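Chain residues, written in single-letter form:
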Protein chains: 2
Amino acid sequence: MSKRITIKQIAAALHVSISTVSKALNDSYEISEETKRKIQEYAKEHKYKPNTLALSLQNKKTKTIGILLPNILTYYYARVLRGIEKVATEKGYNLITCITNDSYKKEVYTMEMLSNGTIDGFIACIANETLELKEFDHFKDILEEGTPIVLYNRVHKDINCDKVVTDNIKSAYKATRFLMRSECKNIALVSSTKGLDISKFRLKGYLKALTKYDITPNEELIINLKSEKKLKTRINEMLDNNQVDGIFTIDEVSAALTTQVLNKRGIKIPEDVSIIGFTNGILSRYSTPPLTSVNRFAHTTGEVAAARLIDKIEEKIPFNDITTEIIKTELVERESTKKLFIKF
Amino acid sequence: MSKRITIKQIAAALHVSISTVSKALNDSYEISEETKRKIQEYAKEHKYKPNTLALSLQNKKTKTIGILLPNILTYYYARVLRGIEKVATEKGYNLITCITNDSYKKEVYTMEMLSNGTIDGFIACIANETLELKEFDHFKDILEEGTPIVLYNRVHKDINCDKVVTDNIKSAYKATRFLMRSECKNIALVSSTKGLDISKFRLKGYLKALTKYDITPNEELIINLKSEKKLKTRINEMLDNNQVDGIFTIDEVSAALTTQVLNKRGIKIPEDVSIIGFTNGILSRYSTPPLTSVNRFAHTTGEVAAARLIDKIEEKIPFNDITTEIIKTELVERESTKKLFIKF
DNA sequence: ATGAAAGCGCTAACAA
DNA sequence: TTGTTAGCGCTTTCAT
């Protein structure tokens, strides 16, 4: 257990000054080849590694980004993280990752903790609780201090910083329209994320599509619950009392549970009922049958957010140049919807 | 954009010395109530936050743990991370998370990067490539330096440090036995992770169970591929030419694809064929039908690893006290296997 | 009760 | 070409 060696120790061992060692290790032109060689050799031999902390203290730059995720078990966030990680690594940045669990308190605490020189900037998705409380002072304070923040997925207009979002309304509109074009007449909506913005916006897109095509929305066909707990029961009830030939599921869990219910009832997908999902995650790809769904490009979201933040940190963009990037979506056709012969 | 304030600035503003400010902020008994009040008020007013970097440099402790994950999209690793995160937060530690993508180079680079004062210890899952190359010097060097490491899931005997693992052989044995007890005679194995230790060990457990119950393993019933690419084709071939009434799938993706194939062929689960999976992730829970599978307690794995590492860091356990913790598994019965009436 | 000074590991301006 | 010194933000002896 040989502790790490410092520049000072090298200096002492080689009877030169500390700054000579520093310069030699940085390959400065000021130092003679002879001395450089000697010092570098000694350093290598003793596995010298510069102390990052000391460097950061000096440069006022840590090359570290703080990431806030509401959770990591949802495929979407895992993929966003992957995207961030990719460009961060390319540009030599490390990631400090914190999972807020959608708690306001944890979010505030974490941001306080990290905004003291530990990180150069934040990439964050606002916790649900924070959004409900409408308490954004911690974001504002940090921006005030000159630390850049990029918000993704969940944002709020009161926080004046860069944002990367998905157009939920438009995407839901397109998904619903797709069902109509594949000849579905009675299109239901199933959600287990009531209360979240995404749920609100996707519902809006669904309603917009129906209205646009002169279909009066039927309340009985809209299941919008806060959790997945009673979802199966409600879907069964709906199917007991209504004719349904298309279902737009707002989140992956809803899609999976809907599929399970239909299967239990002996309803064939897509022959009897078509299903279209949102968020093209692992559940969609590997479900039986594979699910047609809206791909959100989570990975791109992460990449864009990271690139933007790093540009801000490195002052390639002025701090006050604020933008909102909208990541487009794409419909991935699989086997849970009927093949369309008329393309549009 | 008002930059962060330092202790020095407070001292200047209040015409006291730096050390007085430091002591006052730390509520030292040496300072008069009067002065303390004045200083603390001023600090609060100007939102003073101590610079973590400077503190870490001083204490030689960063209260930060480096986490190495082969990937984050697999539910298992996401859950391990969650477990680590939980205890780390409780004990006031931050996490620097790095995804190695199973690359040896990235693993070495990351560990080099972080082991320079940035982190107090590592929790790591060895990258596949590293395991293939059998190159463990980076781990050994870091341990030499006195930085503790806890390895989880994938380990190697040449690395002498704390470990947290699953008993793959035993678990696979139990899963296979379960199929036999639910009256399956011809039990196939499907894997898309050939080459990994997990694949090797689970296969071993499967064979052990067959042998134990006097069944001669049939090579035609063992599909062990390196990726999921040709998996469906191979499963179809197997089903074309063999009688199969039980399938042990070694990973979640194999389970999902097997389910898709059976469904396409009109084979009923579990009436015609029972399936049992490994790793009780999101795919198992939400598949149609829900999958009976071996639960690995990924969350516990993370918790145990983190607790152990922090104890090491805080020197509650001597550095040389090395243990290997085996996390037990549990079979979660769902709908992809026949109900057993004889419990065991 | 307050302050001066050294030091954590390193860089960089300046001097020799 | 090499060394001295100050300083990054903070804590902690040791004087005063």
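Since this is a predicted model, take the numbers as computed values, not measurements. (Residues numbered from 1 in each chain as written. Chains lettered and ligands numbered in written order. Predicted model: local features only at pLDDT ≥ 70, side-chain atom pairs only at ≥ 80, totals over all residues. Heavy atoms only, no water.)

1. Considering the nonpolar core
Side chains of a nonpolar character, in soluble globular proteins, are inclined to be buried together.
Turning to step 1, where the next piece is worked out: Counting 54 residues, the largest nonpolar core has Ile65, Ile72 and Ile123 of chain A together with Ile65, Ile72 and Ile123 of chain B as its most contacted members.
Turning to step 2, where the next piece is worked out: Setting aside residues no more than four positions away along its own chain, Ile72 of chain B makes contact with Ile72, Ala78, Leu81 and Arg82 of chain A together with Ala78, Leu81 and Ile99 of chain B.
Turning to step 3, where the next piece is worked out: Membership of the second largest hydrophobic core comes to 50 residues, among which are Leu225 and Val244 of chain A together with Leu262 and Ile269 of chain B. (Core = buried A, V, L, I, M, F, W, Y, C linked by side-chain atoms within 4.5 Å. Buried < 20%, exposed > 50% of the residue type's maximum accessible area, 1.4 Å probe, protein only. Contact = heavy atoms within 4.5 Å.)

2. Overview of the UniProt feature "domain: HTH lacI-type" (unreviewed entry) in chain A
Turning to step 1, where the next piece is worked out: The UniProt entry lists residues 5-59 of chain A under the feature "domain: HTH lacI-type" (unreviewed entry), expressed in the numbering used here.
Turning to step 2, where the next piece is worked out: Across residues 5-59 of chain A, helical content stands at 67% and strand content at 0%; the span's end C-alpha atoms are separated by 21 Å. (UniProt positions renumbered as here; feature names shortened; annotations may be inferred. Helix = DSSP H or I, 4+ residues; strand = E, 2+ residues; numbered from the N terminus.)

3. Describing the pattern of salt bridges
Between side chains of opposite charge, pairing is possible as soon as their charged atoms come close.
Residue and element names in this part refer to chain A.
Turning to step 1, where the next piece is worked out: On inspection of all chains with the given rule, the structure shows 44 salt bridges over all chains.
Turning to step 2, where the next piece is worked out: Lys200 is paired through a salt bridge with Asp197; the nearest N and O atoms lie 3.4 Å apart. Placement of both Lys200 and Asp197 in helix H10 (residues 197-212) is noted, with a separation of 3 residues, approximately one turn of the helix.
Turning to step 3, where the next piece is worked out: For Lys200, a relative accessible area of 48% gives the class partly exposed.
Turning to step 4, where the next piece is worked out: Where salt bridges share partners, they join Asp162, Arg308, Lys312 and Asp321 into one cluster. (Salt bridge = Lys/Arg side-chain N within 4 Å of Asp/Glu carboxyl O.)

4. As for the packing of helix H11 (residues 231-241) of chain B against helix H12 (residues 252-264) of chain B
In helix packing, the relevant descriptors are the interaxial angle and the interaxial distance, both defined with respect to the helix axes.
Residue and element names in this part refer to chain B.
Turning to step 1, where the next piece is worked out: Orientation of H11 relative to H12, taken along the N-to-C sense of each, is 55°, at an axis distance of 10 Å. By the angle between their directions, the pair H11 and H12 is classed as oblique. For H11 against H12, the interelement crossing comes out right-handed. Across the interface between the two elements, Leu231, Lys232, Ile235, Asn236 and Leu239 of H11 pack against Ser254, Leu257, Thr258, Gln260, Val261 and Leu262 of H12. (Axes fitted to C-alpha atoms, helices over the stretch in contact; angles between N-to-C directions. Parallel < 35°, antiparallel > 145°, perpendicular 65-115°, else oblique. Left-handed = near helix turned anticlockwise from the far one by under 90°.)

5. Considering the state of the cysteines
All names here are of chain A.
Turning to step 1, where the next piece is worked out: Enumeration over the complete set of coordinates arrives at 0 disulfides over all chains.
Turning to step 2, where the next piece is worked out: Take Cys161: it sits in no disulfide, and the sulfur closest to it among the cysteines is that of Cys125, at 12 Å.
Turning to step 3, where the next piece is worked out: Owing to a relative accessible area of 2%, Cys161 belongs among the buried residues under this scheme. (Disulfide = S-S within 2.5 Å.)

6. Some remarks on the packing of aromatic side chains
Turning to step 1, where the next piece is worked out: This model, assessed by the stated rule, comprises 8 aromatic pairs over all chains.
Turning to step 2, where the next piece is worked out: When the centroid spacing of 5.1 Å and the interplanar angle of 80° are considered together, the rings of Tyr76 of chain B and Tyr77 of chain B count as edge-to-face.
Turning to step 3, where the next piece is worked out: For Tyr76 of chain B, a relative accessible area of 4% translates into the label buried.
Turning to step 4, where the next piece is worked out: Looking at Arg202 of chain A, its charged tip hangs above the ring of Phe278 of chain A, at a distance of 3.7 Å from the centre.
Turning to step 5, where the next piece is worked out: We note Arg296 of chain A situated over the ring of Tyr76 of chain A; from NZ or CZ to the ring centre the distance is 3.9 Å. (Phe/Tyr/Trp six-rings, centres within 6.5 Å; stacked < 30°, edge-to-face > 60°. Lys NZ or Arg CZ within 6 Å of the ring centre and 35° of its normal.)

7. Focus: the protein's contact with DNA strand D
Turning to step 1, where the next piece is worked out: In the vicinity of DNA strand D there are 28 residues, among which Ser19, Thr20, Lys23, Gln58 and Lys60 of chain A approach most closely.
Turning to step 2, where the next piece is worked out: Each atom of DNA strand D within 4 Å of the protein was classed as base or backbone; sugar and phosphate made up 59%.
Turning to step 3, where the next piece is worked out: For DNA strand D, a base nitrogen lies 2.6 Å from a polar atom in the side chain of Gln58 of chain A.
Turning to step 4, where the next piece is worked out: The side chain of Tyr48 of chain B places a nitrogen or oxygen atom 2.7 Å from a phosphate oxygen of DNA strand D.
Turning to step 5, where the next piece is worked out: In terms of residue count, helix H2 (residues 18-25) of chain B provides more of the surface near DNA strand D than any other element does, 4 residues in total. (Near = heavy atom within 4 Å. Polar contact = N/O pair within 3.5 Å; in protein donor to acceptor, adjacent residues only side chain to side chain.)

8. Things to note about the sheet that holds strand S8 (residues 246-249) of chain A
Residues and elements named next belong to chain A.
Turning to step 1, where the next piece is worked out: Pairing is mixed in the open sheet, where 6 strands are placed in the order S7-S6-S8-S9-S10-S12. The outermost strands of the open sheet, each flanked by one partner alone, are strand S7 (222-224) and strand S12 (330-332). Ignoring which end each strand starts from, the neighbouring axes of this sheet average 20° apart.
Turning to step 2, where the next piece is worked out: Helix H9 (residues 168-181) rests against strand S6 (187-191), S8, strand S9 (274-278), strand S10 (292-295) and S12 of the sheet, and its axis sits at about 165° to S9. (Pairing = 2+ DSSP bridges.)

9. Some remarks on the interface of chain A and chain B
Turning to step 1, where the next piece is worked out: On the chain B side, the residues contacting the 60 residues of chain A number 61 residues.
Turning to step 2, where the next piece is worked out: Roughly 5800 Å² of surface becomes buried between chain A and chain B when both sides are summed, with 54% attributable to carbon and sulfur atoms.
Turning to step 3, where the next piece is worked out: Its largest share of buried area at the contact with chain B, chain A owes to Leu53, Leu73 and Tyr286 of chain A, together 13% of the area lost on that side.
Turning to step 4, where the next piece is worked out: Applying the counting rule to chain A against chain B returns 10 salt bridges.
Turning to step 5, where the next piece is worked out: In this structure, the salt-bridge partner of Asp141 of chain A is Lys47 of chain B, at a minimum N-O distance of 3.2 Å.
Turning to step 6, where the next piece is worked out: The tally of links between chain A and chain B comes to 35 residue pairs in polar contact (both at pLDDT 80 or more).
Turning to step 7, where the next piece is worked out: Looking at the side of chain A that touches chain B, the elements that each hand over two or more residues are helix H4 (52-59), helix H5 (75-90), strand S2 (94-99), helix H6 (104-114), helix H8 (137-144), helix H12 (252-264) and helix H13 (282-286) of chain A.
Turning to step 8, where the next piece is worked out: In the side of chain A that touches chain B, the residues fall into 24 nonpolar, 20 polar and 16 charged. (Buried area = accessible area lost by both parts, 1.4 Å probe. Nonpolar A, V, L, I, M, F, W, Y, C, P; charged D, E, K, R; others polar.)

10. Quick word on the protein's contact with DNA strand C
Turning to step 1, where the next piece is worked out: Surrounding DNA strand C, one finds 28 residues, the nearest of these being Ser22 and Tyr48 of chain A together with Thr20, Lys23 and Lys60 of chain B.
Turning to step 2, where the next piece is worked out: Taking the atoms of DNA strand C that fall within 4 Å of the protein, sugar and phosphate contribute 61% of them.
Turning to step 3, where the next piece is worked out: Within the contact set of DNA strand C, a base nitrogen lies 3.1 Å away from a side-chain nitrogen or oxygen of Ser19 of chain B.
Turning to step 4, where the next piece is worked out: Within the residue set of the surface near DNA strand C, elements represented by two or more residues are helix H1 (7-14), helix H2 (18-25) and H4 of chain A together with H2 and helix H4 (52-59) of chain B.
Turning to step 5, where the next piece is worked out: Its residues placed into classes, the surface near DNA strand C shows 10 nonpolar, 12 polar and 6 charged.

11. Some words on the packing of H2 of chain B against helix H3 (residues 33-45) of chain B
All names here are of chain B.
Turning to step 1, where the next piece is worked out: The interhelical angle for the contact between H2 and H3, taken along N-to-C directions, is 85°, at an axis separation of 9 Å. When the axes of H2 and H3 are compared, the pair comes out roughly perpendicular. Taking contact as the criterion, the partners of Thr20, Val21, Ala24 and Leu25 in H2 are, on H3, Thr35, Lys36, Ile39, Gln40 and Ala43.
Turning to step 2, where the next piece is worked out: Class assignment for the residues of the contact of H2 with H3 results in 5 nonpolar, 3 polar and 1 charged.

12. Here's the deal with H3 of chain B
Residue and element names in this part refer to chain B.
Turning to step 1, where the next piece is worked out: An ideal rise of 1.5 Å per residue puts 18 Å on 13 residues; H3 measures up with 18 Å between its terminal C-alpha atoms.
Turning to step 2, where the next piece is worked out: Residues of H3 that are buried in the fold lie against helix H1 (7-14) and H2.
Turning to step 3, where the next piece is worked out: Positive backbone phi, approximately 50°, marks Lys47, located one or two places after H3. (Expected span 1.5 Å × (residues − 1).)

13. So, empty space enclosed by the protein
Turning to step 1, where the next piece is worked out: With the rule as written, the count across this model stands at 5 cavities of 30 Å³ or more.
Turning to step 2, where the next piece is worked out: Its boundaries defined by the atoms lining it, the largest cavity holds a volume of some 140 Å³.
Turning to step 3, where the next piece is worked out: Around the largest cavity, the lining comprises 14 residues; the ones closest to its centre are Thr89, Tyr93 and Asn94 of chain A together with Cys98 and Tyr109 of chain B.
Turning to step 4, where the next piece is worked out: Sorting the residues of the lining of the largest cavity by element identifies H5 and S2 of chain A together with strand S2 (94-99) and helix H6 (104-114) of chain B as the ones contributing at least two each.
Turning to step 5, where the next piece is worked out: Looking at which element gives the most residues to the lining of the largest cavity, the answer is H6 of chain B, with 5 residues.
Turning to step 6, where the next piece is worked out: Among the residues making up the lining of the largest cavity, the classes are represented as 7 nonpolar, 5 polar and 2 charged.
Turning to step 7, where the next piece is worked out: Here the second largest cavity is characterised by a volume of approximately 40 Å³.
Turning to step 8, where the next piece is worked out: What lines the second largest cavity is simply Glu252, Ala255, Ala256, Thr259, Leu283, Ser284, Ser287 and Leu291 of chain B.
Turning to step 9, where the next piece is worked out: Those elements that provide at least two residues to the lining of the second largest cavity are H12 and helix H13 (282-286) of chain B. (1 Å grid on protein atoms, 1.4 Å probe; cavity = no way out; pocket = protein on both sides within 12 Å on 5 of 7 lines; lining within 4 Å. Points joined across faces, edges and corners; volume = space filled by probe spheres on them.)

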